[in-house]
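# Secondary and tertiary structure notes
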Amino acid sequence: MLSKTIEQVERIALRMEPRRAIGLLSSLPSSAIEAMQRARFRRTLRLAATRSSFYREQFKRYGINLRKIEHPSQLGDFFTTGEDLRAHGAEEFLTGHADTAFETTGTTSHVVKRAFFSQKEINEIGRTSALALHLLCLRREDRVLSAFDCSFWISPVVVRSAFQYINCFHVEAGKIEPLEFYERARFYRPNVIFGEPSWMVRLSEIAEARGAWPMKFLFAGGENITETARYMVERVWSAPLYLNYGQTESFGAIGVECKQKNGYHRNDLNFIFEVVDEDEEGYGELVYTTLTRDVMPLIRYRSTDITRLVDEPCACGLFAKRIGKIRARADEMVVCGMGNVGPWVFAEILSDALAPGADWQAVIKNDGRRDVIELSVELEDLRHQGEIENRVRANLRERFADFWRNHEMKLYDLKVNVFARGSLRGGRKLQRVVDERQMLMRRVV
Ligand SMILES: [Zn+2]
C-alpha cells in the first residue's frame, strides 16, 4: 500500500533532526501525501464511529454510509461545531484514554470548550512544531523566553514539547505583566520571545522607551495582529515577528508563517482542510478534520475563521501549501447598512489612525430608523477625538468607496467613541465586531 509506505517515510522523517526531516518530507510528491491523508481519514472515521457516542449517533442521524466516504467533503452538510462541543461535552467525543485537557472560552460565549489529548499526541505535535520552528531558524544555541499563558491553555505545552526536539535553552515566564517580564528577562539574555500579539505590543512599547536588546525573532500566537502593530514590534527589536495560527481544538498546530509572512504553511500531515461557503474571491469558513488524533478526533470541525486555501507555491520554496491570512471570525461578519463588513474593514480604516497596540471595537446597533456603527477606539489623549473622527471618515471615503456611498445615502450612521488605553479589553481576546441587533433578535427567539 502506497499510503503505508508514505506513513513509514513520515515516521522516519519526524525522528530525524529537523533539517534532514524537512528535506525528506519535501521529496514526497503531493499525490503521495493525499493518499496518506485519505488512509488516515478513513481510519479516523472508523475510530469515531465505533468509539465516540457523539459521532456514532450523528452518523446514524445523517444516514452516512462510512464505506463510501473517502474525503470529508463527501459528508455533505455534516459538520462538527464549537456549539456541539459545548452542548454535548468533550466526553461524548472521546475515543481513547486521555492524559490531559485544555480549555478555550472564545469571544462569544462564556461556556468553555474542552479538548482532551494523550501524551503521545503531545510528543507528535511537538515534533511537527519543531520542524516549523527550525524553518524560522530556531537552533540549539538559541535562548527562548516564553510568556504564553499557562492557565488551561494549550500553546505553552506545544512549544515546550517542540523545544525538546530543538534542544534550545528555554524559560517559561507565563503571562506576566510586560514590565515585570522586561526586567526579569534580561538576566537570561533571550534572543527569541514567545507571547500573545497584544502582549508583545505592550512589551515592545516598554522596550522602545527603555531599550531593546539583540533578538533573532519574536513569535506570537493566540490572536490576530494588524500589520501596523507587527511593523512596530519589528522596528523596536530590529527582528521579524512571526505568527502561528491554531485553535485549542486543533491542538494549536494548523499552520505557521514562514519568513515571507504571507499566509500560514498548513499542516497537511495531520489535517484535511476545506473552505466552505466561499465567496467569489475564494474566502469562506475554514473547516478541518484531524487525521492523527486517537483521543478526541474532530471531523469537519468549523473553525469559525474566514480565510482561503492557497495552493500556489510560496516564495520560500517549502513544500507545504498555505492558508491565507485570517480575515475574520465567521460570527464577526455582519451585514448592515454599511454593507457586508468584518473586522478587516475597520482595521484598515483605523490602520494609520491609532497608536500601535491600541484596541478598538465596532458595535452595530439600530436606532429604530437605521443601523448605527459605533466605533470605540483607545487613545493616548482623549482630547484628540475630533482628529480621529476626521481621519476615520477620510479613510472610509478613500479606501471603501461602496461603504462611503452608503454613508452618503444615509443608510447608516457612524459614531466614534474614545476610551483610555487598556480599557476595552476584558479577557485574553476582544471581539472586534459585535452585532447588537442580532443579540436582541436572539433574546426574543
Ligand atoms: Zn513560505
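Along each chain, numbering runs from 1 in the same order as the chain's sequence is written. For this predicted model, a pLDDT threshold of at least 70 governs which residues receive local features, and a threshold of 80 or more governs which side-chain atom pairs are given and counted, while totals over whole chains, interfaces and linings are taken from all residues. Excluding hydrogens and water, the side-chain values take into account all heavy atoms of the structure.

### With respect to the sheet that holds strand β9 (residues 264–266)
Should DSSP find at least two bridges between two strands, the strands are taken to pair. Strands are runs of DSSP state E lasting at least 2 residues, helices are runs of H or I lasting at least 4, and numbering of each runs from the N terminus. The sheet built from nine strands is open, its strands ordered β4-β3-β5-β6-β7-β8-β9-β14-β13 with mixed pairing. Both outer strands of the open sheet, β4 (169–172) and β13 (309–310), are each paired with one neighbouring strand and no more. Across three bridges, strand β8 (residues 255–257) lies against β9 in antiparallel orientation. In the strand pairing of β9, E257 is matched with Y264. Packed onto the sheet, helix α9 (residues 197–210) meets β5 (192–195), β6 (217–220) and β7 (241–245) and runs at close to 130° relative to β5. The criterion used for residue contact is that any of the two residues' heavy atoms lie within 4.5 Å. The convention used is that axes are lines fitted to C-alpha atoms, helices contributing only their stretch in contact, and that angles between N-to-C directions extend from 0 to 180 degrees. Contacts from helix α10 (residues 227–237) reach β6, β7 and β8, with the element oriented near 135° to β7.

### Quick word on helix α12 (residues 385–399)
When the terminal C-alpha atoms of α12 are compared, their 21 Å separation across 15 residues agrees well with the 21 Å that a helix rising 1.5 Å per residue should span. Looking only at α12, the buried set comprises I388, V392, A394, N395 and L396. Tucked inside the fold, the buried residues of α12 contact α11 (343–350), β19 (371–379), α13 (401–408) and β20 (412–420). Between the first and last residue of a helix there are one fewer steps than residues, each counted as 1.5 Å, and that sum is the expected span. Throughout this description, buried means an accessible area under 20% of the type-specific maximum (1.4 Å probe, protein chains only), exposed means over 50%, and partly exposed covers the range between.

### Focus on the pairing of β4
Within a regular strand, the side chains alternate between the two sheet faces. Where strand β3 (residues 143–146) and β4 come together, four bridges link them in parallel fashion. Considered in β4, the bridge of L145 is made with V171.

### Concerning the coordination of the zinc ion
Each metal's donors are the N, O and S atoms within 2.8 Å of it, or within 3.2 Å when it is Na, K or Ca, and because water is not part of the set, sites may look incomplete. Here the zinc ion is held by the protein donor atoms C258 (SG), H265 (NE2), C314 (SG) and C316 (SG), which lie 2.1 to 2.3 Å from it. Irregular is the label for any site that misses the other tests, which are tetrahedral for four donors with all angles between 85 and 135 degrees, and square planar for four donors or octahedral for six when opposite donors exceed 155 degrees and the remaining angles lie between 65 and 115. Here the zinc ion is ringed by four donor atoms whose angles at the metal span 102 to 114°, and the overall shape comes out tetrahedral. On the primary sequence, the residues serving as donors to the zinc ion are separated as C-x6-H-x48-C-x1-C. Each member of the pair C258 and H265 is classed as buried.

### Some details on the pattern of salt bridges
For salt bridges, the criterion is a side-chain nitrogen of Lys or Arg within 4 Å of an Asp or Glu carboxyl oxygen. This model, assessed by the stated rule, comprises 37 salt bridges. In this structure, E234 engages K261 in a salt bridge whose closest nitrogen and oxygen atoms are separated by 2.6 Å. With E234 in helix α10 and K261 in the loop between β8 and β9, this residue pair connects regions lying 27 residues apart in the sequence. Comparing E234 with K261 shows no difference in burial state: the two are buried. Between E285 and R302 there is a salt bridge whose closest N-O contact spans 2.9 Å. Of this pair, E285 sits in strand β11 (residues 284–290) while R302 sits in strand β12 (residues 301–307), and the two are 17 residues apart along the sequence.

### Re the layout of surface pockets
The rolling of a water-molecule-sized probe over the atoms marks out the regions of remaining empty space. Only protein atoms enter the 1 Å grid used here, on which a cavity is any set of points holding a 1.4 Å probe that cannot leave and a pocket is any open set flanked by protein within 12 Å on both sides along at least five of seven lines; residues with an atom within 4 Å of a point are listed as lining. Grid points are joined across faces, edges and corners, and a volume is the space filled by probe spheres set on the points. Space inside the second largest pocket adds up to approximately 870 Å³. Counting only elements with at least two residues in the lining of the second largest pocket, the list comes to α2 (18–26), α3 (30–51), α6 (119–135), α7 (155–166), β8, β9 and β10 (271–276). By residue number, the principal contributor to the lining of the second largest pocket is α6, which donates six residues. For the lining of the second largest pocket, the residue count by class is 26 nonpolar, twelve polar and seven charged. Three residue categories are used. Nonpolar comprises Ala, Val, Leu, Ile, Met, Phe, Trp, Tyr, Cys and Pro, charged comprises Asp, Glu, Lys and Arg, and polar comprises the others, including Gly.

### What about the nonpolar core?
Only buried residues count toward a nonpolar core. Its members are Ala, Val, Leu, Ile, Met, Phe, Trp, Tyr and Cys residues joined through side-chain atoms within 4.5 Å. One finds Y55, L138, I193, F194, L218 and W237 to be the most contacted residues of the largest nonpolar core, which totals 86 residues. Those residues in contact with L138 that sit more than four places away from it in its chain are L133, V144, F163, I166, C168, V192 and F217. Judged by nonpolar contacts, the second largest core, of 29 residues, contains V341, I349, L350 and F403.

### Structural notes on helix α1 (residues 2–14)
Owing to its 3.6 residues per turn, the α-helix aligns residues three or four sequence positions apart on the same side. For α1, built from 13 residues, the straight-helix expectation of 18 Å at 1.5 Å per residue is met to within 8% by its first-to-last C-alpha distance of 18 Å. Within α1 the residues assigned to the buried category are S3, I6, E7, E10, A13 and L14. Projected onto a plane normal to the axis of α1, the buried residues spread over an arc of 125° and lie on a single side. Here, the arc refers to the directions that run from the helix axis to the C-beta atoms.

### Concerning unusual backbone geometry
Excluding glycine, residues mostly carry a negative phi; peptide bonds, for their part, are mostly trans. The backbone phi angle of F152 is positive, close to 60°, even though this residue is not glycine. The topology assignment puts F152 in the loop between β3 and α7. At D277, a residue that is not glycine, the phi angle is positive and equals roughly 55°. Mapped onto the fold, D277 is located in the loop between β10 and β11. A relative accessible area of 63% places D277 in the exposed class.

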